[in-house]
Every structure is written in structure tokens, then in C-alpha cells.
Amino acid sequence: MLGMDENAIERAQGYEFLAGIFLKEPSPEGLKVLILWSEAETKEESLKLEKILQEFPTNDPELLKLKQEYYDLFFVPVSGRYIPPYESAIRGAVRLKKGKMKYGSHWGIPAQQLSDLYENTGFNPKALDIFEPLKETQLPDHLGLELSFMAYLCRLEDKFINKGKEIRGLRNLQKSILKDHLLEWLPQFTTELLNVEVSGYYSYFALLALELCREEFKSLSTTIERSGICD
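Residues numbered from 1 in each chain as written. Predicted model: local features only at pLDDT ≥ 70, side-chain atom pairs only at ≥ 80, totals over all residues. Heavy atoms only, no water.

1. Focus on the environment of F17
Note the threshold: Numbering goes from the N terminus for both helices and strands, where a helix is a DSSP run of H or I of at least four residues and a strand is a run of E of at least two. The contact criterion used throughout is that any non-hydrogen atoms of two residues lie within 4.5 Å.
In this fold, F17 is placed in helix 1 (residues 8-23). Spatially, the C-alpha atom of F17 lies 21 Å from that of K179, the residues being 162 residues apart in sequence. Apart from residues no more than four positions distant in its own chain, F17 is found in contact with L34, W37 and F205.

2. Considering the pattern of salt bridges
Basically, it comes down to this: Basic side-chain nitrogens of Lys or Arg form a salt bridge, by our definition, when they fall within 4 Å of a carboxyl oxygen of Asp or Glu. When accessible area is computed with a 1.4 Å probe and restricted to protein chains, residues below 20% of their type maximum are described as buried, those above 50% as exposed, and intermediate ones as partly exposed.
Overall, the coordinates contain twelve salt bridges when judged by the stated rule. The partner of R11 in a salt bridge is E157, with the nearest N and O atoms 3.4 Å apart. Of this pair, R11 sits in helix 1 while E157 sits in helix 9 (residues 143-162), and the two are 146 residues apart along the sequence. The pair R11 / E157 is uniform in exposure class, with both members buried. A salt bridge links R91 to E87; its shortest N-O distance comes to 2.7 Å. Taken as a pair, R91 and E87 lie in helix 6 (residues 87-91) at a separation of four residues, close to a single helical turn. The exposure class of R91 is partly exposed, given its relative accessible area of 37%.

3. Examining the side chain of D141
The cut-off we apply is this: Neither His nor the chain ends contribute to the count of charged residues, in which Lys and Arg are positive and Asp and Glu negative. N or O atoms within 3.5 Å of each other form a polar contact, as long as, within protein, one can give a hydrogen and the other can take it, and as long as residues adjacent in sequence are counted only when both atoms are side-chain atoms.
Within the element layout of this structure, D141 appears in the loop between helix 8 (132-137) and helix 9. Here D141 is buried and forms no salt bridge, its nearest opposite-charge partner R91 lying at an N-O distance of 8.3 Å. Side-chain polar atoms of D141 contact the side chain of S88, separated by 2.7 Å. Not counting residues within four places of it along the chain, the set of residues in contact with D141 comprises P85, Y86, E87, S88, A111, L114, E146 and W185.

4. Regarding helix 7 (residues 109-121)
Put simply, the rule is: Multiplying 1.5 Å by the helix residue count minus one yields the expected span of that helix. Directions drawn from the helix axis to the C-beta atoms are what define this arc.
A rise of 1.5 Å per residue sets the reference length of helix 7, with its 13 residues, at 18 Å; its end C-alpha atoms lie 18 Å apart and thus fit the reference within 8%. Of the positions making up helix 7, those classed as buried are P110, A111, L114 and Y118. Viewed along the axis of helix 7, the buried residues span an arc of 95°, placing them on a single side of the element. The exposed set on the far side of helix 7, more than 90 degrees from its buried face, consists of I109, E119 and N120. Taken together, the buried residues of helix 7 touch helix 6, helix 9 and helix 10 (168-196). Immediately beyond the C-terminal end of helix 7, within one or two residues, lies G122, with a positive phi of roughly 85°.

By themselves these figures say nothing about function.
Dropping the structure here:
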């Protein structure tokens, strides 16, 4: 075994938290959770988030502005600010003249690969508590679903550890998802988001997700290398 890793649940919670930002429609209840979360962050990160959030409770108690941004960015192609949060679409994107982006088709090779992985590992996206329209699309390479899959693998790792089972296969799979999927398109997705978003809310969390994925990949690579495990 790789040794006892007691933070597998904490790692899962980090992925789940960020996944929820993109998988759930903004709500006042969710905002309260974010405020509590910001209070637990470092001062620098807390100040960044507080600056983004401070206008919503007083000026927009129902978060209608943020909800509209959620729809415009991730659901409405004709909004002029649409950025599909899907791996296949981002990796297949082509920059046209005048800087306009033409996104790739859905259900590309990444989506097919992830669909097979979900089935083979027992991960069921339909069982997640997410925005209903996302369940209906059934596209497996949504950013939130890929982050949720990482959380699922972390929780599975914790179960394996508690049962004394080998976890090297799970660790290699986590590293593979980061290397071959999330880190292949999340940087570009974040860049596009920074260019069009108004509030900075979603780009803030996209940057956090990118930072988490990079740190996790580095950590997993180091652990695997020290243990003499091959991909």
C-alpha cells in the first residue's frame, strides 16, 4: 500500500465544494455557505471573495443577477458570453478571425472516455444533487462532474484504506484524470472565463479549481514516484 492517507476525505470535500459552484444554480442558501467558507480562508483569499460577494446580499437578495450570469455563461449560446463548461467543447475550440471562438462539438473523445470510466468505477452522475437541466443533458465531461469524479475517487480511496485494500490503482487513476482531462482544458476554460465574466464570481472559483488540480497532480506524482509505482 501507499500508506495511510488520512486526508482523503478532506481532499474529496475540496473537490465537492468547487464542483457545486458549477453544478448548482446560485441560491441565497449557497451564498451563506460561501460566506462561512470565506471566513475560514486566508485573509488574502477571503478579501478577494468578500469583494465579489458583498454586492449580492444587499443589492440582489434573490441573486437574480448572479443567476443570470450563470445562465449566460454556461447555458445560453446566444448570450454573447457563453463558454461551454465541457471538456470536449473547449479542447475542440478554434479561434476565428477577430478573436471569436468556435467551440468544438459535444460528445467528443474525452466525453466518451469519461463515460466509460464512470461506468467502470461505479460513479453515477445522475445520483448527484445538481441543477436539473444538467442532469438532462447527460454530458459526462462537464467541469463539475469531472471534479465530482475526483471527489468520488478520493472517497473510494478512504474506503479502501479503512478496509486495508490496495490504493495504488486509485492513485494512478486520479493522476490520470488530472493529467489527461482536467489539466488539459481547465487552463483554457479559465482564461476564456476571465475575458467575458462581469462579476468575477465564476472565474474566481475556476482559478481555485485549477490551483487545486495542479497541486493535487504534483502531490500524487510525488507520492507515486516515492512508492515506485508506474502509471
